[in-house]
Amino acid sequence: MDYSQSFAISAAGMDAERTRVDVAALNLANANTVQTPDGLRYRPLTVLARSAPVAFSNQVEQGLNSAMLTLPQTLVEAAAVEPRSVYEPGNPLANSKGFVMYPGVDVATEMVNMMSAQRSYEANIAAMNATRTMALKALDIGG
Amino acid sequence: MTDGIEAVTTSVLGLALDAASLRQQAIAANIANADAVGYVPLKVSFEAQLEDARRALDDGGKLSADMLAGVAPRIEADTSATTWSGKVRLDVEMAKMTQNAVQYQALIKGLSKHFSILSSAVNDGKR
């Protein structure tokens, strides 16, 4: 049995969780960004995780048995959240009524997302360590 | 090879090792896809296929190689009650993974013991 697939699965899982941490950090870092370089408002990002089948060429090699194995794939999209308007008449970026539109970053949600991604990342590492232990144990057969 | 050396033990343990390593893949995929939308958890069916062999052993018979002809570990979608509304439960998966790793090591111990019995026979009982 081929162990490299187990490692690839866990690596894909860690990649997806790292994307979630990255996006949460980016949202937190831009919580008070009024404008991006292109003059638009910063829109908080959200991660969509979907599971997609392993690449077709690999499936042919592995046979039908592992055709059900799917890897997580992440898609980063702008979230449709209302901006947070703050009354700052002295701000040069304020509109005619004196309001500045800050991005609607929810700090609590971002922190919770980051913690959950961190725990999932640890679970993936544990899975990878278990695979490694098993692969090394298999070398002990007959010894 | 003769029946004694190429014993059914080797093939059964080999199949069980295959099942354990495939189960490790299924659990790794479940953990990796824990946050993916619309993911159906996977499981490996193997032990249920050994029902015939177990019955033969209970009747005091011998385990023969042809009982294992159609036995092969297979990946299936897990739609049982342990997976709650299609969501992966990380703690359950971690527990399954630990159990699977221990079982794998037990199977390897068994295989090693089998080979050491053979080696003892080959060496006239000398170590």
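Not measured: the values here are computed from a predicted model. (Residues numbered from 1 in each chain as written. Chains lettered and ligands numbered in written order. Predicted model: local features only at pLDDT ≥ 70, side-chain atom pairs only at ≥ 80, totals over all residues. Heavy atoms only, no water.)

Observations concerning the overall build of chain A
Defined as follows: The numbering of helices and of strands both runs from the N terminus, where a helix is a DSSP run of H or I of at least 4 residues and a strand a run of E of at least 2. The buried label applies to any residue whose accessible area, calculated with a 1.4 Å probe on protein chains only, is under 20% of its type's maximum; exposed applies above 50%, and partly exposed to all values in between. Two residues qualify as a contact provided that any one of their heavy atoms is within 4.5 Å of a heavy atom in the partner residue.
For chain A, the helix and strand inventory stands at three helices and four strands. Starting at the N terminus and ending at the C terminus, chain A contains elements arranged as α-β-α-β-β-β-α. Looking at chain A as a whole, 32% of its 143 residues are labelled buried. Partitioning the contacts of chain A with sequence separation of at least 6, the portion at a separation of at least 24 is 62%.

A word on the overall build of chain B
Applied cut-off: Working definition of accessibility: Shrake-Rupley area with a 1.4 Å probe, residue cover restricted to the visible protein chains.
Per the secondary structure count, chain B includes three helices and two strands. Listed N to C, the secondary structure of chain B is α-β-α-β-α in terms of helices and strands. Classification of the 127 residues of chain B by burial places 39% in the buried group. A sequence separation of at least 24 residues applies to 77% of the contacts in chain B between residues at least 6 apart. When the accessible surface of chain B is totalled, it reaches about 7000 Å², and 59% of it is carbon and sulfur.

Some details on the interface of chain A and chain B
Put simply, the rule reads: Two parts lose some accessible area (1.4 Å probe) when they are put together, and adding that loss for both gives the buried area. In the sections that follow, a salt bridge refers to a side-chain nitrogen of Lys or Arg positioned within 4 Å of a carboxyl oxygen of Asp or Glu. Whenever a nitrogen or oxygen atom comes within 3.5 Å of another N or O atom, the pair is scored as a polar contact, on the condition that within protein one atom can donate a hydrogen and the other can accept it, and that pairs from neighbouring residues in sequence are kept only if both atoms are in side chains.
Taken together, the 34 residues of chain A in the interface contact 34 residues of chain B. Buried area between chain A and chain B, both sides added, is near 2800 Å², and the carbon and sulfur share of it is 64%. Along the contact surface separating chain A from chain B lie one salt bridge. Across the salt bridge formed by Asp35 of chain B and Arg20 of chain A, the nearest N and O atoms sit 2.6 Å from each other. At the boundary of chain A and chain B, one finds six residue pairs in polar contact (both at pLDDT 80 or more).

Section: the confidence of the model for chain A
Formally: As a per-residue measure, pLDDT reflects the predictor's confidence and takes values from 0 up to 100.
Across chain A, the average pLDDT comes to 86, with 90% of residues at or above 70. Helix α3 (residues 107-138) of chain A holds the highest mean pLDDT among the elements of chain A, 93, whereas helix α2 (residues 56-62) of chain A holds the lowest, 53.

So, α3 of chain A
Side chains that are three or four residues apart share a direction in an α-helix, a result of its 3.6 residues per turn. Applied cut-off: To estimate how far a helix should reach, multiply one less than its number of residues by 1.5 Å.
Between its terminal C-alpha atoms α3 of chain A stretches 47 Å, which fits the 46 Å expected from 32 residues at 1.5 Å a residue. Turning to α3 of chain A, its buried residues number three or more, namely Glu110, Ala117, Ser120, Ala123, Asn124, Ala127, Ala130, Thr131 and Met134 of chain A. Looking at the packing, one finds that the buried side of α3 of chain A touches α1 (4-29) of chain A together with α1 (8-32) and α3 (90-122) of chain B. Two to three positions downstream of the cap, the backbone nitrogen of Ala108 of chain A sits 3.3 Å from a side-chain oxygen, assigning the N-cap of α3 of chain A to Asp106 of chain A.

Quick look at the pattern of salt bridges
Residue and element names in this part refer to chain A. Counting across every chain of the model gives eight salt bridges over all chains. A salt bridge links Asp140 to Lys137, with the shortest nitrogen-to-oxygen separation between them at 3.8 Å. Members of the salt-bridge network, linked through shared partners, are Asp15, Arg18 and Asp22.

A word on the nonpolar core
Rules: Residue types Ala, Val, Leu, Ile, Met, Phe, Trp, Tyr and Cys, when buried and joined through side-chain atoms within 4.5 Å, form a set referred to as a nonpolar core.
Formed by 18 residues in total, the largest nonpolar core has its most connected members in Leu17, Phe46 and Tyr104 of chain B. Those elements giving two or more residues to this core turn out to be α1 and α3 of chain B. Examining the composition of this core, we find that seven residues originate from one element, α1 of chain B, more than from any other. For Tyr104 of chain B, the residues in contact, after removing those within four places along its chain, are Tyr3, Met134 and Ala138 of chain A together with Leu17, Ala20 and Ser21 of chain B. With 15 residues, the next largest nonpolar core counts Ile9 of chain A together with Ala29, Ala34 and Val44 of chain B among its residues.

Examining the environment of Ala56 of chain B
Residues and elements named next belong to chain B. Among the secondary structure elements, Ala56 is positioned in helix α2 (residues 51-58). Distance in space between the C-alpha atoms of Ala56 and Ser116 is 26 Å, their sequence separation being 60 residues. Among residues more than four places away in sequence, those in contact with Ala56 are Gly61 and Met67.

Side note on the packing of α1 of chain A against α3 of chain A
Residues and elements named next belong to chain A. Just so we agree on the cut-off: A fitted line through C-alpha atoms serves as each axis, taken over the contacting stretch for helices, and the angle formed by two N-to-C directions is quoted from 0 to 180°. Angles are sorted into four bins: roughly parallel if under 35 degrees, roughly antiparallel if over 145, roughly perpendicular if 65 to 115, and oblique for all others. Here a crossing is taken to be left-handed if its near helix is turned anticlockwise relative to the far helix by less than a right angle, and right-handed if that turn runs clockwise. By the convention adopted, Pro, Cys, Tyr, Trp, Phe, Met, Ile, Leu, Val and Ala count as nonpolar, Lys, Arg, Asp and Glu as charged, and the other residues, Gly among them, as polar.
Look at α1 against α3: their axes get within 9 Å of each other, and the N-to-C directions meet at 160°. Relative to α3, the element α1 lies roughly antiparallel. In this structure, α1 crosses over α3, and the sense of that crossing is left-handed. Grouping the constituent residues of the contact of α1 with α3 by class yields 14 nonpolar, nine polar and five charged.

A few points about the environment of Glu122 of chain A
The topology assignment puts Glu122 of chain A in helix α3. The sequence separation of Glu122 of chain A and Glu17 of chain A amounts to 105 residues, and the corresponding C-alpha distance is 9.5 Å.

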